Amino acid sequence: MLQTCLLPRYAVEGIAPNLVVLLVAAWAILYGSREGALVALLSGFLLDLLSGAPFGLLTLSLLGAGLVCGLEEIRQVQSALLFPVVVLGASLVHDGLYLLLLRLSGWPISLMDGLLLVLLPTSLANSLLALLFAPLVHRWRVAVQVEEATP
Amino acid sequence: MNWGKDRSTIVLLIVSLLLAVTLILRQVGQMGPVYDLVGRLVVPVQYAFTRLVTGVGQRFEALTHMQELEAQKRELEDTVSQLMLRTIELEEAKIELEMLREQLEFKEVNPEFDMLASEVIGHDPSNFVQFLVIDRGAQDGIEKGMPVISARGLVGRITEVNNQWSKVLLLVDASSSVNAMLQRSRATGIVQGRLGRTLIMQYIPQGESLQEGDIVMTSGLGGNFPKHLVIGQVTEVRQNDVDMFQEAEVRSAVDFQRLEIVMVIRNFEPIELDIDPVQE
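These numbers were taken from a predicted model, which means no experiment stands behind them.

**Student:** How do you make sense of the overall build of chain B when you look at a structure like this?
**Tutor:** The secondary structure content of chain B amounts to 3 helices and 12 strands. On C-alpha atoms alone, chain B measures out to a radius of gyration of 44 Å, which is more than a quarter above the 19 Å that the 2.2 N^0.38 rule sets for 280 residues. On the principal axes, the C-alpha backbone points of chain B span a range of 145 × 40 × 35 Å. The long-range share in chain B, meaning contacts at least 24 apart out of those at least 6 apart in sequence, stands at 58%. Accessible surface computed for chain B: about 17,300 Å², of which carbon and sulfur atoms make up 57%.

**Student:** What am I meant to see in the nonpolar core here?
**Tutor:** In globular proteins that are soluble, nonpolar side chains generally tend to be buried together. Judged by nonpolar contacts, the single largest core of 42 residues is most densely connected at Val155(B), Met201(B), Val216(B) and Ile231(B). Ranked by residues supplied to this core, first place goes to strand 12 (residues 261–265) of chain B with 4 residues. Leu57(A), Leu82(A), Tyr98(A) and Leu119(A) belong to the second-largest nonpolar core, a separate cluster that totals 38 residues.

**Student:** Which parts of the structure should I look at to understand the confidence of the model for chain A?
**Tutor:** Residues shown with low pLDDT carry predicted positions that ought not to be read at fine detail. Taken as a whole, chain A shows an average pLDDT of 87; of its residues, 95% reach a score of 70 or greater. Averaged over each element, pLDDT in chain A is lowest for helix 1 (residues 2–6) of chain A (67) and highest for helix 6 (residues 82–104) of chain A (92).

**Student:** What exactly am I supposed to notice about helix 2 (residues 19–31) of chain A here?
**Tutor:** Owing to its 3.6 residues per turn, the α-helix aligns residues three or four sequence positions apart on the same side. Residue and element names in this part refer to chain A. The end-to-end C-alpha separation of helix 2 is 18 Å, in line with the 18 Å expected for 13 residues at 1.5 Å each. Buried within helix 2 are the following residues: Val 20, Val 21, Leu 22, Val 24, Ala 25, Ala 26, Ala 28, Ile 29 and Leu 30. Positioned one or two residues after helix 2, Gly 32 has a phi angle of 100°, which is positive.

**Student:** Honestly, the packing of aromatic side chains in this entry has me stumped. Any pointers?
**Tutor:** The geometry of an aromatic ring pair comes down to the distance between the two centres and the angle between the two planes. Under the defined criterion, the tally for this structure stands at 6 aromatic pairs over all chains. With centroids separated by 5.9 Å and ring planes inclined at 80°, the aromatic side chains of Phe45(A) and Phe55(A) adopt a geometry described as edge-to-face. Highlighted residues: Phe45(A) in helix 3 (residues 33–50) and Phe55(A) in the loop between helix 3 and helix 4 (57–69), separated in sequence by 10 residues. When its relative accessible area of 51% is taken as the criterion, Phe55(A) is described as exposed. For the pair Tyr98(A) and Phe128(B), a centre-to-centre distance of 5.8 Å together with 55° between the ring planes defines the contact as tilted. Of this pair, Tyr98(A) sits in helix 6 while Phe128(B) is found in the loop between strand 1 (115–123) and strand 2 (131–134), placing the two residues in two different chains. Here Tyr98(A) and Phe128(B) have matching classes, each one buried.

What counts and how
Residues numbered from 1 in each chain as written. Chains lettered and ligands numbered in written order. Predicted model: local features only at pLDDT ≥ 70, side-chain atom pairs only at ≥ 80, totals over all residues. Heavy atoms only, no water. Helix = DSSP H or I, 4+ residues; strand = E, 2+ residues; numbered from the N terminus. Rg over C-alpha atoms; globule rule 2.2 N^0.38 Å. Contact = heavy atoms within 4.5 Å. Areas by Shrake-Rupley, 256 points an atom, 1.4 Å probe, with all protein chains shown as cover. Core = buried A, V, L, I, M, F, W, Y, C linked by side-chain atoms within 4.5 Å. Buried < 20%, exposed > 50% of the residue type's maximum accessible area, 1.4 Å probe, protein only. pLDDT = per-residue confidence, 0-100. Expected span 1.5 Å × (residues − 1). Phe/Tyr/Trp six-rings, centres within 6.5 Å; stacked < 30°, edge-to-face > 60°.

Shown next, in the form of structure tokens:
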């Protein structure tokens, strides 16, 4: 609801951060690729219902982001700044995939324009927003790791 | 000698004497100085005592009415909250009224259109595509392809209709294209959306007069939109002698980001029924 009702109203130059990418990235680094993919599927499905673009594209691109963010190699990194960095990666993967899928489905969108006018600014906006949530996600992550380590 | 008994006798004698003197003075009408003396001595004490008693009384009363006061305080707080909410509601109603007045004026100027006001309930979640979700659907007589406008100009058209809500493809989406003409020179072209919510008018033949500030409106060609709906204003002209056509950047007066109320023209049937944006 926030993503479709509130954030677009405060978009800067048509760019609004994507909270769903933040959610998927956070979930994936907390609980792994499988859980991240599950959240991506559910949230992507809901977003696709509200989008005017061909159905399924948002789900697929979010799924890609969820799978990548939950990789064990990424989850091993112990840093409070992991979340913004992962969100940057997740945004690039999500928007990159979405742009490609849009093009493949025949949407008349220029790849260069898409990259420069939407993909990069959106990824940057998402990462900046992720910085605000980084301490919270880090604390949550430590708690999850402690819980997982407890026999 | 019994001192206690004697002291009582002396006091009794003094009091009796005072009473007798007082009576005599009263009889002869000389009580004024006595009253003055008494007043000077007693009034300040009485005054202070009265204040003390009143203060204590008030405090005691306040204590006894504490619960009542607490209830009154809560009641007042509730009233203040309600009034604040009411103020916000009134402010909101004022803004909405302004918007509706704008739409109504537009409706009065264009009586040929059967327009249905709809509220914008959502935007597309992606920054790549530009759609709106409105709160009117098939049950309100909305059909695919119907033009959507605001008092400031063309907004887009309906691309998906559900029972209670519909999706609107915005003019500024990359897949949107509208046959347009310049109001002044009548030169025609096609207005296309671009990423970044900009508009560009293409395919304007060379030699046609084109300048900044020209008003761009729908031409009605192709039958997708009614004629003479305002699209925007030319802000930049791109003309190159070696090209076949001229181009112009167009700025719409519609703030697509903050649209709250739009109008769907219900009595216009687009000729081209297949309006899937991808296939255009």
